[in-house]
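Single-letter residue listing:
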Amino acid sequence: MAHALRLAARGLGNVWPNPAVGCVLVRDGLVVGRGWTQPGGRPHAEVRALDQAGAQARGATAYVTLEPCAHHGKTPPCAEALIAAGVARVVTALTDPDPRVSGKGHTMLRTAGIAVSEGVMAEQATRLNAGFLKRVTQGLPFVTVKLATSLDGRIATATGESRWITGAEARRKVHALRLAHDAVMVGSGTALADDPDLTVRDLGAPRQPVRILVDRALRHAPDSRLGRSAKDHPVWVLHGASAPDPARRAWDKTGAELIAVPETDGRLDLAAALRSLAGRGLTRILNEGGSTLAAALIRAGLVDDLALFSGGVLIGAEGHPALGDLRLAALADAPRPILRQTERLGPDLYSLWSFARPGSGISS
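Residues numbered from 1 in each chain as written. Predicted model: local features only at pLDDT ≥ 70, side-chain atom pairs only at ≥ 80, totals over all residues. Heavy atoms only, no water.

Looking at an unreviewed UniProt entry, one finds the chain named Riboflavin biosynthesis protein RibD, with Rhodobacter calidifons as its source organism. Within the UniProt record for the chain, the comment given under Function (unreviewed entry) is "Converts 2,5-diamino-6-(ribosylamino)-4(3h)-pyrimidinone 5'-phosphate into 5-amino-6-(ribosylamino)-2,4(1h,3h)-pyrimidinedione 5'-phosphate." (UniProt positions renumbered as here; feature names shortened; annotations may be inferred.)

This is the structure:
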């Protein structure tokens, strides 16, 4: 199952709206087939592994990170494929919460006389597919906020200079994070200051993440890097009803998809925005800026992970803080994420933190 989970991770960022699944077929102590969900969500992991195993699948044990699907969609059910191949046993990590599957795949296998074991490495599998699980059960994508800060928590000097607080290894890690997410998101302030393109570079990406601009009034220019490249790689622009019509028409001509979002007190309703993105199939979003948008997402309880890159530099109080106003009345009200991972990246430090959500079973 650990092997299957490592295979499944190869699909992160490339398979939405499907889950990233891995499958390993073992017969007589030997691996006879391996597979993982392919870009775009198909073929499924089980089909890839069965194709590789051929006749050796008969009598084998299949280790699958998620319950095999039991419904007819764009492809036949994977449970039926496993039955037809003659596997003797199926071991799964998770039951698929999708109501079209949810237990039906396991039942189909057992009815066919196949031994089924469930819940193997369930915690690791839940973490891996947290985005898919959250989208299916809550109608929201899994959101990671990325911050690159100085040792004293600043993201830029007083003049706005921020290149480069961290080094080449840390920046390469950021591109790897983009690659493992369905979409990369920035606010209008960061877009105006940095004119980013938000693509994955130098990693041989099979496809680019969706690039999302949160811009209530459509202040960012259509003749920006995002606008000029919208026909090459998808750009989705979240805007409010108050956005001026000329700006909408200009952005529409770039090929970007404009998504209207409800406003509350002159601000975009971020929960509604994320629900809309989940409704379009997104499961994992990496938010890369800026401090105002990051703080708003945290205040709204919409952040699951915090990816923090700390560079060995001091900027001082005159610099721009990493986070905007969290509106805390007392220290007891402060969010307290849980440290999950640390990694040294050349001269910099990377740490991954999770916001516990009681009862969610996802990011605790």
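That was the structure; now back to the text.
Peer 1: In this structure, what is going on with the packing of helix α2 (residues 45–53) against helix α3 (residues 78–85)? I would like to understand it.
Peer 2: Between two packed helices, both the angle of their axes relative to each other and the distance between the axes serve to describe the pair. At a closest axis distance of 9 Å, the pairing of α2 and α3 adopts a crossing angle of 20°. It follows that α2 is roughly parallel to α3 by the angle criterion. You can see that α2 and α3 cross each other, and the crossing is left-handed. Counted together, E46, V47 and L50 of α2 and C78, A81, L82 and A85 of α3 form the full contact between these two elements. For the contact of α2 with α3, the class distribution of residues is 6 nonpolar, no polar and 1 charged. (Axes fitted to C-alpha atoms, helices over the stretch in contact; angles between N-to-C directions. Helix = DSSP H or I, 4+ residues; strand = E, 2+ residues; numbered from the N terminus. Parallel < 35°, antiparallel > 145°, perpendicular 65-115°, else oblique. Left-handed = near helix turned anticlockwise from the far one by under 90°. Contact = heavy atoms within 4.5 Å. Nonpolar A, V, L, I, M, F, W, Y, C, P; charged D, E, K, R; others polar.)

Peer 1: Whenever I open this one, the pattern of salt bridges confuses me. Can you help?
Peer 2: Side chains that carry opposite charge are capable of pairing whenever their charged atoms lie near each other. Taken as a whole, this structure holds 13 salt bridges when the rule is applied. For E288, the salt bridge identified is with R178, shortest N-O distance 2.6 Å. Of this pair, E288 sits in strand β14 (residues 284–289) while R178 sits in helix α7 (residues 168–179), placing them 110 residues apart in sequence. For E288, a relative accessible area of 11% translates into the label buried. Judged by its relative accessible area of 9%, R178 is buried. One salt bridge connects R228 with D223, and the closest N-O pair in it is separated by 3.7 Å. Judged on exposure class, the residue R228 and its partner D223 are both exposed. Overlapping salt bridges, with partners in common, bring together K146, R178 and E288 in one network. (Salt bridge = Lys/Arg side-chain N within 4 Å of Asp/Glu carboxyl O. Buried < 20%, exposed > 50% of the residue type's maximum accessible area, 1.4 Å probe, protein only.)

Peer 1: What should I look at first to understand the side chain of R284 in this one?
Peer 2: Within the secondary structure, R284 sits in strand β14. One buried charged residue, R284, remains without a salt bridge, the closest side chain of opposite sign being D182 at 5.2 Å. Beyond its immediate sequence surroundings of up to four residues, R284 is in contact with L12, L128, G131, P141, F142, A180, H181, D182 and A183. (Lys, Arg positive; Asp, Glu negative; His and termini not counted.)

Peer 1: How should I be thinking about the sheet that holds strand β2 (residues 30–36) in this particular structure?
Peer 2: Two orientations exist for strands paired in a sheet by backbone hydrogen bonds: parallel and antiparallel. On the basis of which strands lie adjacent, the open sheet formed by 5 strands has the order β2-β1-β3-β4-β5 and mixed pairing. Here the strands that pair on one side only, and so sit at the sheet edges, are β2 and β5 (115–117). The average undirected angle you get between the axes of adjacent strands in this sheet is 15°. Of the pairings in the sheet, the one linking strand β3 (residues 61–64) to strand β4 (residues 89–92) comprises 4 bridges and is parallel in character. Looking at the pairing, A62 lines up with V90 of β4. Packing against the sheet, helix α1 (residues 2–9) makes contact with β1 (22–27), β2 and β3, and its axis sits at approximately 145° to β1. (Pairing = 2+ DSSP bridges.)

Peer 1: What is the right way to look at the environment of S242 in this model?
Peer 2: As for its placement among the helices and strands, S242 is situated in the loop between β10 (235–239) and α10 (245–254). Classification of S242 by relative accessible area gives partly exposed; the value is 43%. Along the primary structure S242 and A112 are separated by 130 residues, whereas in three dimensions their C-alpha atoms are 58 Å apart. When neighbours within four sequence positions are excluded, S242 is seen to be in contact with R216, R248 and E263. Within the structure, S242 has its side chain in polar contact with the side chain of R216 (distance 3.1 Å). (Polar contact = N/O pair within 3.5 Å; in protein donor to acceptor, adjacent residues only side chain to side chain.)

Peer 1: Would you explain the environment of V261 in this entry?
Peer 2: Note that V261 resides in the loop between β11 (257–260) and β12 (263–264). Note on V261: relative accessible area 5%, which makes it buried. Considered as a pair, V261 and P99 are 162 residues apart in the sequence and their alpha carbons are 28 Å apart.

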